Amino acid sequence: MATMLVTGASRGIGLELARQYAADNWQVVATARRPEQSSDLGKLVKQHGASVQLHALDVTSDDSIQILVDTLKGRAIDLLVNNAGIYPREGTHVGQLDFDSWGDTLDTNLFGVLRVTEALLENIAQSERKQIVAISSAMGSLHGAVGRSVEQSGTSYQYRTSKTALNMAMLILSKELAPRGISVVMITPGWVKTEMGGAGAAISPQVSVAGIKKVLDTGRMDISGKFLSYDGSTCPW
Ligand SMILES: NC(=O)c1ccc[n+]([C@@H]2O[C@H](COP(=O)([O-])OP(=O)(O)OC[C@H]3O[C@@H](n4cnc5c(N)ncnc54)[C@H](OP(=O)(O)O)[C@@H]3O)[C@@H](O)[C@H]2O)c1
């Protein structure tokens, strides 16, 4: 049975990814900073039993990552979904830029993805599917920022640059890992009704994740190195 691991599964898109893969009979390793505090994750375990395993993981902590690596030693991970992310709302206008907070944002949204991916690389390499996903954002698109997007969706220096840099890092990674048959894809989930996206967002986590799953099932190596939307369309860099 195939195994997937998702970061930031306590709520939102990460929780829904865990739900939908568990419903499809995957082995799900659902990680969160404090998994015991997520009643939704508790319910998922009750529903699916041992096929859903909860693990503590803070993507900014080397110690936390090492504990997970030791726990999963020798276990194949077919699909790693780097989903955990933060969206700071303060210190994002010129004159009030907050560089400490910016550093924290990069630490989670960029370095966190690379730390976890690097740490679990051998688990992925020994699997059948060998697929790595980064949940990115259209807000990281340079093309979008050149258009009306900054006026429409806000300056968000910290968040935008973290996702632009994430795309660059994952693109490089896709090239570096291609000879090992490992696929690396960046996906924008749409504007989703979660704590981050807000109640006024366009789509539900259910719709977003159903789309993401469909995209991931289309030609594993064909989509490697691409920046795709949950609906399968290409997102401009
Ligand atoms: N919602 C949208 O419209 C939208 C649009 C584009 C992209 N995205 C991206 O989609 C992903 C998921 O977002 P969401 O909407 O589901 O947001 P969310 O509801 O705020 O959930 C974010 C998740 O990330 C976790 N997290 C934050 N920092 C972490 C850390 N250091 N280590 C481990 N987990 C951490 C949170 O865990 P805690 O419970 O521990 O805080 C939570 O589970 C993010 O990468 C986001 O940038 C979302």
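Heads up: the structure comes first, above all this text.
Residues numbered from 1 in each chain as written. Predicted model: local features only at pLDDT ≥ 70, side-chain atom pairs only at ≥ 80, totals over all residues. Heavy atoms only, no water.

Engineer: Let's hear about the side chain of T3: which residues, and what values?
Structural biologist: Within the secondary structure layout, T3 lies in strand β1 (residues 3–6). Overall, T3 belongs to the buried group, its relative accessible area being 5%. Setting aside anything within four residues of it in sequence, one finds T3 in contact with W26, Q27, V29, R75, A76, I77, D78 and L79. (Helix = DSSP H or I, 4+ residues; strand = E, 2+ residues; numbered from the N terminus. Buried < 20%, exposed > 50% of the residue type's maximum accessible area, 1.4 Å probe, protein only. Contact = heavy atoms within 4.5 Å.)

Engineer: Pulling in residues and values, what's your account of the nonpolar core?
Structural biologist: Grouped together as the largest cluster of nonpolar side chains are 31 residues, with contacts concentrated most on M4, L17, V28 and L216. Elements with a minimum of two residues in this core: β1, α1 (12–23), β2 (27–32), α2 (39–48), β4 (79–82), β5 (131–135), β6 (183–188) and α9 (205–216). Top contributing element to this core by residue count: α1, with 6 residues. For L17, the residues in contact, after removing those within four places along its chain, are M4, V6, V81, N83, V209 and I212. Core analysis: the next-biggest nonpolar cluster, separate from the first, contains 30 residues, V59, L72, I124 and A169 among them. (Core = buried A, V, L, I, M, F, W, Y, C linked by side-chain atoms within 4.5 Å.)

Engineer: Go over the packing of aromatic side chains with me, naming the residues and quoting the values.
Structural biologist: Under the definition given, this model contains 5 aromatic pairs. When the centroid spacing of 4.5 Å and the interplanar angle of 50 degrees are considered together, the rings of Y87 and Y159 count as tilted. Residue Y87 is located in the loop between β4 and α4 (99–119), and its partner Y159 is located in helix α8 (residues 157–177); the two are separated by 72 residues in the primary sequence. With a centroid separation of 5.7 Å and an interplanar angle of 10 degrees, the aromatic rings of F99 and W102 are classed as stacked. Within this pair, F99 and its partner W102 are both found in helix α4, separated by 3 residues, close to a single helical turn. With relative accessibility at 58%, the residue F99 sits in the exposed group. On the accessibility criterion, W102 (16% relative accessible area) is buried. An aromatic cluster is defined as three or more aromatic residues linked by ring pairs; in this entry it consists of F99, W102 and Y157. (Phe/Tyr/Trp six-rings, centres within 6.5 Å; stacked < 30°, edge-to-face > 60°.)

Engineer: Describe the pairing of β2, listing the residues and the values that go with them.
Structural biologist: Counting buried residues along β2, 6 of its 6 residues qualify, which places the element largely inside the surrounding structure. A two-sided burial pattern is seen for β2, the buried positions comprising Q27, V29 and T31 on one face and V28, A30 and A32 on the other. As defined by bridge partners, β1 adjoins β2 across 4 bridges and the pair is classed as parallel. Residue pairing across strands places T3 opposite Q27, the latter belonging to β2. The β-α-β motif built from β1, the intervening α1 and the parallel element β2 has right-handed crossover chirality. Of the pairings in the sheet, the one linking β2 to strand β3 (residues 52–56) comprises 5 bridges and is parallel in character. Across the sheet, residue A32 finds its bridge partner in β3, namely A56. (Pairing = 2+ DSSP bridges. Right-handed = clockwise from strand over helix to strand, strands pointing away.)

Engineer: Now, about the environment of L44: what can you tell me, with residues and values included?
Structural biologist: Structurally, L44 can be placed in helix α2. Here L44 is in contact with A18, R19, G49 and V52, once residues within four sequence places are set aside.

Engineer: Describe the pattern of salt bridges, naming the residues involved and giving the relevant values.
Structural biologist: Within this structure, the stated rule accounts for 9 salt bridges. Taking the shortest distance from any N to any O, the salt bridge between K213 and D24 comes out at 2.3 Å. Here K213, found in helix α9, pairs with D24, found in the loop between α1 and β2; they are 189 residues apart in sequence, far enough to count as distant. Classification of D24 by relative accessible area gives partly exposed; the value is 42%. In this structure, D40 engages K43 in a salt bridge whose closest nitrogen and oxygen atoms are separated by 3.7 Å. Separated by 3 residues within a single helix, D40 and K43 lie in helix α2, roughly one turn from each other. By relative accessible area, which is 27% here, D40 ends up partly exposed. A cluster of three or more residues bridged by salt bridges with shared partners is formed by E16, R19, D40 and K43. (Salt bridge = Lys/Arg side-chain N within 4 Å of Asp/Glu carboxyl O.)

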